Structure formats: structure tokens, C-alpha cells
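# Architecture at a glance
Residue strings, one per chain:
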Amino acid sequence: AAGVPTGRSTPAARLEEVEGALDAFGAPFVVKANGLASGKGVLVTEDRKAALAHATQWLLQGDVLVEEFLDGPEVSLFFVSDGHTVHPLSPAHDYKRLGDGDTGPNTGGMGAYSPLPWLDEKFGSEDAFVDEVLTTIALPTVRQLASEGTPFIGLLYCGLILTSMGIRVIEFNARFGDPETQAVLRRLQTPLSELLFAAATGTLAQHPRPVFSSDCAVTIVLASESYPDTPIIGRPLYGLDAASAVEGVRLFHGATTVSGDAVVSSGGRVLNVTAVGHGFADARWRAYT
Ligand code: GLY
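These lines cover the structure that appears in this document, whether it is placed above or below.

Calculation criteria
Residues numbered from 1 in each chain as written. Predicted model: local features only at pLDDT ≥ 70, side-chain atom pairs only at ≥ 80, totals over all residues. Heavy atoms only, no water. Near = heavy atom within 4 Å. Polar contact = N/O pair within 3.5 Å; in protein donor to acceptor, adjacent residues only side chain to side chain. 1 Å grid on protein atoms, 1.4 Å probe; cavity = no way out; pocket = protein on both sides within 12 Å on 5 of 7 lines; lining within 4 Å. Sits in = over half its atoms within 2 Å of the grid points. Nonpolar A, V, L, I, M, F, W, Y, C, P; charged D, E, K, R; others polar. Buried < 20%, exposed > 50% of the residue type's maximum accessible area, 1.4 Å probe, protein only. Helix = DSSP H or I, 4+ residues; strand = E, 2+ residues; numbered from the N terminus. Expected span 1.5 Å × (residues − 1). Arc of directions from axis to C-beta. Contact = heavy atoms within 4.5 Å.

Lining the immediate surroundings of the ligand are Asp94, Lys96, Gly108, Tyr157, Asn173, Arg175, Gly177, Asp178, Pro179 and Glu180. Between the ligand and the protein, one listed contact pairs an oxygen atom with a side-chain N or O atom of Arg175 at 2.8 Å. In this structure, a nitrogen atom belonging to the ligand sits 2.7 Å away from a main-chain N or O atom of Asp178. Applying the majority rule of atoms within 2 Å of the grid points places the ligand in the largest pocket. Partitioned by chemical class, the residues of the shell around the ligand number two nonpolar, three polar and five charged.

Looking now at helix H5 (residues 180-187). A large share of H5 lies buried, amounting to seven of its eight residues. Taken as a whole, H5 has its buried residues at Glu180, Thr181, Gln182, Ala183, Val184, Arg186 and Arg187.

Time to look at helix H2 (residues 48-59). Given a rise of 1.5 Å per residue, 12 residues ought to cover 16 Å, and the 16 Å separating the end C-alpha atoms of H2 matches this to within 8%. Here H2 has its buried residues at Ala51, Leu52, His54, Ala55, Trp58 and Leu59. Each buried residue of H2 lies within a common arc of 160° when the element is viewed along its axis, so the set occupies one face. Those residues of H2 that are buried lie in contact with strand S1 (9-12), helix H1 (15-25), strand S2 (29-33), strand S3 (42-45) and strand S4 (64-67). Measuring from the side-chain oxygen of the N-cap residue of H2 to the backbone nitrogen of Lys49 gives 2.9 Å; that N-cap residue is Asp47.

As C-alpha cells, this is what we get:
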């Protein structure tokens, strides 16, 4: 309704409908669970049988979506909205596949970095990219929701694919992204509390756009063994103080708990190691250290 550019999709309630939609869109096939799935609901595959198996599994819980494959780099861009005014944060890129070298199953995200210097080449500057997303995606969406009597106040997460045909929305979330936020907020110089308070009180228009440092930020997710399927939990974590002491590094706990004197894992996405540095090599080296 807002005219926001996105991939074409077909909802399917039965396997025959899935088959028809897969054949209509062609490979690579994209099958999505239609609902919350903790980052595990999407399958992108060249294998039609695998696409059908994924659909069969999720059809037990409701419709699935078969989508057009959107080819290009993925960018996460967050906007703070007070229902009418929206302010952008700085873009980030996350890596959704489990393994090194961008291999393995989809996850909620295994690492991220910000800013994205390569946007300069495609759009002239990061600001030009952000302005395009603001005017073609974030503002139309927020205006549409306001016109429907359901103003959106909070954090609009635009998941974008930069295709050869232009920017496309692959997903919206009504929350901060994990792990992109850990990288983005390390660079935020404007107090986050001021932005959130302005959003909550409808006064965002009186605030300048948030300001970011030119530092590079890299975050790495430490995940439990067997994540994302059935993570093994209860493992003690060692070396947290030593890790925090590395220059530029901060740890963000996701699924940890205290047991006696030990910090132990309590879920799949255990913690983030986030580092800032003057360049990406520096930030990455610090995070892995
Ligand atoms: N990193 C993806 C998400 O937060 O949905």
C-alpha cells in the first residue's frame, strides 16, 4: 500500500501451491515460514526438493511464503520513529550464515560491521544511500501506518537487498537487529536515551539526526555448539575479563547466566564481542583477539 519496493511473493497453504509458486519464480528458490521463526524460517536453495521439504515442515504451523530471489548485498538500516518523523541510524551489514566463509544454515546473524564504505561507490556516499532509503522506504511506511490510524513509534528495522534493479526490502522488523545493533551503537555519539525519549514523546522533529563516529565497528557472535538447531547450554565461559580488557572491546551478553561462581551459557546466541578501531583490520583484529 505504501509503494515500497520489495520482492514478489506468493503465500501458499498447501504443498501443491508451493510447487506452483516455486516453478513460477524459478531457482534459486526462497521459502519462508509465515510468522516468527527466530531466524530459522528462511531457506534459500537451488534444490527444489530441499525447498519442498522446508515448506512441508513449516506448513504444519500455517502458510508459507514463496518469494522471488533477490540477488545482491544485504544492508540493515534502522530508523527511530515517533510516528511521523523518522531519523536514520548508520547502516550495517550482518552475516546470516553459520559458518566461516558465509557457509552453512541461516541464523539470526553471526557477526556484523558498520559503517559500509562500499556504499560510497554505489551511491556516492553513505548519506545519499540513507536518504534514498528514508524517502522511498522508511517515510512512506511510517506515513502509511499513520494514515491507517496505527502510527508506528519505535525502531523500524529495514532489511534491504541492493539488487541491480535498485534497493528492495527483504524484511521489516519492529525492533533493533541483532547483531548489527552492537556494531551500530558503538559508533553512535548522540545519546540513545535522548533519541528514544524523543520517539516516545513525539518530539523527534525537534532533534537533529543522530551523529556517528568515523570509527569502524566489528562484532562477532559467540554461539553455542549445535546452534541454530538444538544449542548445548550450561557451558562455563572463561576469559571474559581478559576479553573486555582488550582495547576497544566490549562484550554484550545474550544468553548467559550465573551459576555459582561461573558465568554459563543459557541459549544459542551466547554473547557478542564488539570492537571499534580506526580501520576494519584494527577492529576485526581486536574482536578476534
Ligand atoms: N540480524 C538479523 C535480525 O536481527 O533480524
